[in-house]
Amino acid sequence: MPNVTTPEQVTEPDEPKPVRPRRRRWRRRLAVLAVVLVVVGLAPTVWIRAASAGRLVGVEQAPAADVAIVFGAQVAPGGQDPMTFLRNRLDKAAALVAAGKVKALLISGDAHGGSGNEVRVMGDYLARHGVEPSRVVVDPYGLDTYDTCRRARDVYGVTRALLVSQDIHLYRAVTLCRRVGIDAWGVPSGCDGCRTITIWKNQARDVAAAWKAASDAVRGRPPAVQSPPDSSLRDAVAAHTP
């Protein structure tokens, strides 16, 4: 007698369960990790941009201030002339003086920098371009942006200033100077003659420098070189106040 299968004995084959490919899971995890790393990595930069928002202005729009702080940078081989970045900053500082926006300049840099004596070169260049030496005060220990801001306040008594540098750097400079108690506004110098690759390198460098800036601001560290109060900047301002 032939075998007869009853309905109870009939079974349907199991449907295959959808299995997400392992490779796809790892791709998603790596994508999420990449996003997290970017967000964390850029957090100090976001803070710096937010803290300096609306504080970068042109010469014409710059508020009146007794002092402009000019940040040092590399000098050309031979140690006698500024390189392009620094030259643009000095030209803008001279324009601020000529426009009557400031009475004195605090030029701050490393007198023993790897490329040479930054502040000596800065002072010589300004004198050759019409800025009276009596308007210029030198801080030879502005070893980085934070030190320049902190020493401007602690040593030279600056409480309000225009800051002169490229906009790449100014966001950080304005934020740090404000953090230490200076009412700071940035006047971008531009970078006429700068190579595109140099600008890109400095932009990348500034993202990394934002981490150090955030650390310095939070810790409130003292400058690398501490000096007693110096009245020379106040004297320069007074000498050029009608």
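Everything that follows concerns the structure shown earlier in this document.
Quick caveat, the model's predicted, so the values are computed rather than measured. (Residues numbered from 1 in each chain as written. Predicted model: local features only at pLDDT ≥ 70, side-chain atom pairs only at ≥ 80, totals over all residues. Heavy atoms only, no water.)

> Which parts of the structure should I look at to understand the sheet that holds strand β3 (residues 136-139)?
The strands making up a sheet associate through backbone hydrogen bonding, with each pair oriented either parallel or antiparallel. Reading across from one edge, β3-β2-β1-β4-β5 is the order of the 5 strands in this open sheet, with parallel pairing throughout. Edge strands, defined here as strands with exactly one partner in the open sheet, are β3 and β5 (183-188). If you compare each strand with its neighbour and ignore which way they point, the axes differ by 25° on average. Direction of pairing for strand β2 (residues 104-108) relative to β3: parallel, over a ladder of 4 bridges. (Pairing = 2+ DSSP bridges. Helix = DSSP H or I, 4+ residues; strand = E, 2+ residues; numbered from the N terminus. Axes fitted to C-alpha atoms, helices over the stretch in contact; angles between N-to-C directions.)

> Would you take a moment to explain the state of the cysteines for this structure?
One covalent bond between the sulfur atoms of two cysteine residues makes up a disulfide. Enumeration over the complete set of coordinates arrives at 2 disulfides. One disulfide bridge connects C149 with C177, the sulfur atoms lying 2.1 Å from each other. In this structure, the disulfide formed by C149 and C177 twists by about -85° around the S-S bond and is classed as left-handed. One end of the pair, C149, is in helix α4 (residues 145-154); the other, C177, is in helix α5 (residues 167-179), and 28 residues separate them in sequence. For the pair formed by C149 and C177, the shared burial category is buried. Covalently, C191 is tied to C194 through a disulfide, its sulfur atoms 1.6 Å apart. (Disulfide = S-S within 2.5 Å. Buried < 20%, exposed > 50% of the residue type's maximum accessible area, 1.4 Å probe, protein only.)

> Would you mind going over the packing of α5 against helix α6 (residues 196-219) with me for this structure?
In a packed pair of helices, the relevant descriptors are the angle between the two axes and the axis-to-axis distance. At their nearest, the axes of α5 and α6 sit 9 Å apart, and the two run at 10° to each other. Here α5 is positioned roughly parallel relative to α6, judged by the angle of their axes. Judged by the twist between their axes, the crossing of α5 over α6 is left-handed. Seen from α5, the contacting residues are I168, H169, R172, L176 and R179; seen from α6, they are I199, N202, Q203, R205, D206, A209, A210, A213, A217 and V218. Residues that form the contact of α5 with α6 fall into these classes: 8 nonpolar, 3 polar and 4 charged. (Parallel < 35°, antiparallel > 145°, perpendicular 65-115°, else oblique. Left-handed = near helix turned anticlockwise from the far one by under 90°. Contact = heavy atoms within 4.5 Å. Nonpolar A, V, L, I, M, F, W, Y, C, P; charged D, E, K, R; others polar.)

> I'm lost on the side chain of R89 in this one. Help?
In this fold, R89 is placed in helix α2 (residues 84-98). Despite being buried, R89 has no salt bridge partner; E118 is the closest side chain of opposite charge, sitting 7.4 Å away. Among the polar contacts listed, one links the side chain of R89 to the side chain of S165, at a separation of 3.2 Å. Other than its neighbours up to four places away in sequence, R89 contacts V70, F71, G72, A73, V164, S165, Q166, H169 and S189. (Lys, Arg positive; Asp, Glu negative; His and termini not counted. Salt bridge = Lys/Arg side-chain N within 4 Å of Asp/Glu carboxyl O. Polar contact = N/O pair within 3.5 Å; in protein donor to acceptor, adjacent residues only side chain to side chain.)

> Which parts of the structure should I look at to understand the environment of F85?
With respect to the helices and strands, F85 occurs in helix α2. Taking the relative accessible area as the measure of exposure, F85 reaches 14% and is therefore buried. Sequence spacing of F85 and S189 is 104 residues, and the spatial spacing of their C-alpha atoms is 8.7 Å. Once residues lying within four places of it in the same chain are set aside, the contact partners of F85 are Q166, C191, C194, T198 and N202.

> Is there a simple way to explain α4 in this structure?
Note that an α-helix has 3.6 residues per turn; residues three or four places apart therefore point the same way. Burial analysis of α4 places 8 of its 10 residues in the buried class, the great majority of the element. Turning to α4, its buried residues number three or more, namely T145, Y146, D147, T148, C149, R150, R151 and A152. Of the surrounding secondary structure, the elements contacted by the buried residues of α4 are β1 (67-71), β2, β3, α5 and α6. Residue D144 occupies the N-cap position of α4, its side-chain oxygen lying 3.3 Å from the main-chain nitrogen of Y146.

> What is the right way to look at the pattern of salt bridges in this model?
Two side chains carrying opposite charge are able to pair once their charged atoms lie near each other. Tallying each qualifying case throughout the model produces 17 salt bridges. Between R221 and D144 there is a salt bridge, and its shortest N-O distance comes to 2.9 Å. With a gap of 77 residues between them, R221 in the loop between α6 and α7 (232-239) and D144 in the loop between β3 and α4 connect regions that are remote in the sequence. The exposure class of R221 is buried, given its relative accessible area of 14%. The class of D144 is partly exposed, set by a relative accessible area of 24%. Across the salt bridge formed by R219 and D216, the nearest N and O atoms sit 3.1 Å from each other. Of this pair, R219 and D216 both sit in helix α6, 3 residues apart, which is roughly one turn of that helix. Residue R219 is classed as exposed on the basis of its relative accessible area of 53%. Ionic contacts of the salt-bridge type, sharing partners, join the residues D144, D147, K212, D216, R219 and R221 into one network.

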